[in-house]
Amino acid sequence: MDTPSPPPASASDRTPRGSRLAEAGSLAALALSVLALATSAYQARLMQAQTELMQTQARASVWPYVTIGKNEYSAPGREAFSWRVDNNGVGPAKIESVRVLVDGQPYRNWTEVFAKIAPDQEFHGQTSSLNGIVLPPSTNRETTVEMVKPNTPERARAFQTATPRTTIEICYCSVYDECWLARSLQTENKPVPRCDTKDSVQFEQ
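**Details of the packing of aromatic side chains**
Part 1: By the definition in use, this model includes nine aromatic pairs.
Part 2: An angle of 65° between the planes, with centres 5.9 Å apart, marks the rings of Trp 110 and Phe 159 as edge-to-face. Highlighted residues: Trp 110 in helix α2 (residues 110-117) and Phe 159 in helix α3 (residues 153-161), separated in sequence by 49 residues. We note that Trp 110, like Phe 159, is buried.
Part 3: Aromatic ring contacts, followed pair by pair, group Phe 81, Trp 83, Trp 110, Phe 114, Phe 123, Phe 159 and Phe 203 into a single cluster.

**Remarks on the state of the cysteines**
Part 1: Scanning all chains against the criterion turns up two disulfides.
Part 2: Across a sulfur-sulfur distance of 2.0 Å, Cys 171 and Cys 195 are joined as a disulfide pair. Taking the torsion about the S-S bond as the criterion, the Cys 171 to Cys 195 disulfide, at about -85°, is left-handed. Placement of the pair is Cys 171 in strand β8 (residues 166-173) and Cys 195 in the segment after β10 (190-192), with a sequence separation of 24 residues.
Part 3: Overall, the relative accessible area of 7% leaves Cys 171 in the buried class.

**Considering the pairing of strand β9 (residues 179-183)**
Part 1: Along β9, four of the five residues are buried, which leaves the element largely enclosed by surrounding structure.
Part 2: Looking at chain direction, β8 and β9 are connected through five bridges and run antiparallel. Note that in β9 the partner of Glu 169 across the bridge is Arg 183.
Part 3: A loop of five residues connects β8 with β9, the two strands running antiparallel in sequence, and Asp 177 in this loop sits at a positive phi of about 60°.
Part 4: Bridge count between β9 and β10: three bridges; the pairing is antiparallel.

**What to know about the side chain of Ser 184**
Part 1: When you line up the elements, Ser 184 lands in the loop between β9 and β10.
Part 2: Filtering out sequence-adjacent residues up to four positions away, Ser 184 remains in contact with Ile 68, Trp 83, Thr 166, Thr 167 and Ile 168.

Parameters at a glance
Residues numbered from 1 in each chain as written. Predicted model: local features only at pLDDT ≥ 70, side-chain atom pairs only at ≥ 80, totals over all residues. Heavy atoms only, no water. Phe/Tyr/Trp six-rings, centres within 6.5 Å; stacked < 30°, edge-to-face > 60°. Helix = DSSP H or I, 4+ residues; strand = E, 2+ residues; numbered from the N terminus. Buried < 20%, exposed > 50% of the residue type's maximum accessible area, 1.4 Å probe, protein only. Disulfide = S-S within 2.5 Å. Pairing = 2+ DSSP bridges. Contact = heavy atoms within 4.5 Å.

Taken by themselves, the reported measurements are silent on function.
Following this line, the structure appears as structure tokens:
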């Protein structure tokens, strides 16, 4: 007599195991998708950081730094004086704006300035224009610009005496159009969004 075979498993018997396998597969696929997304995001952030670093290095390689100082010699009867501008950075400086003020009042040229600081004298001396020029860096060569150099000891003495009353402002930009404002006898230049000359009295000489 043949032994009866066990009845086949019904669909309800197979479903729980099949569902668990399907769920496990779905979770594994989801985990792989999350991992791939996280990896892509990390790679994107890494590339962005590398790009920013390269841009920073490129800007640093052409960074200008303008300073406004003075040369003076105070021996009685042989006084000499000049306002000087240097670019102590490593890249060219595009001079966008120049202002010269005495007692807070802006002037357009050295003749007007001298009439303010020494009204009993007439100005004569060497001058140089800066507005609109590109000042190369002083690395490996002398690129100093003397804005003004009076030609007699009396005139030099007048400029020396007026130094505390005189302010020179130069706004300049790099080749990447990053801009700064330099002030006379100050070592820290102020970053500015742009060199705005609107409604300001610009120094012409």
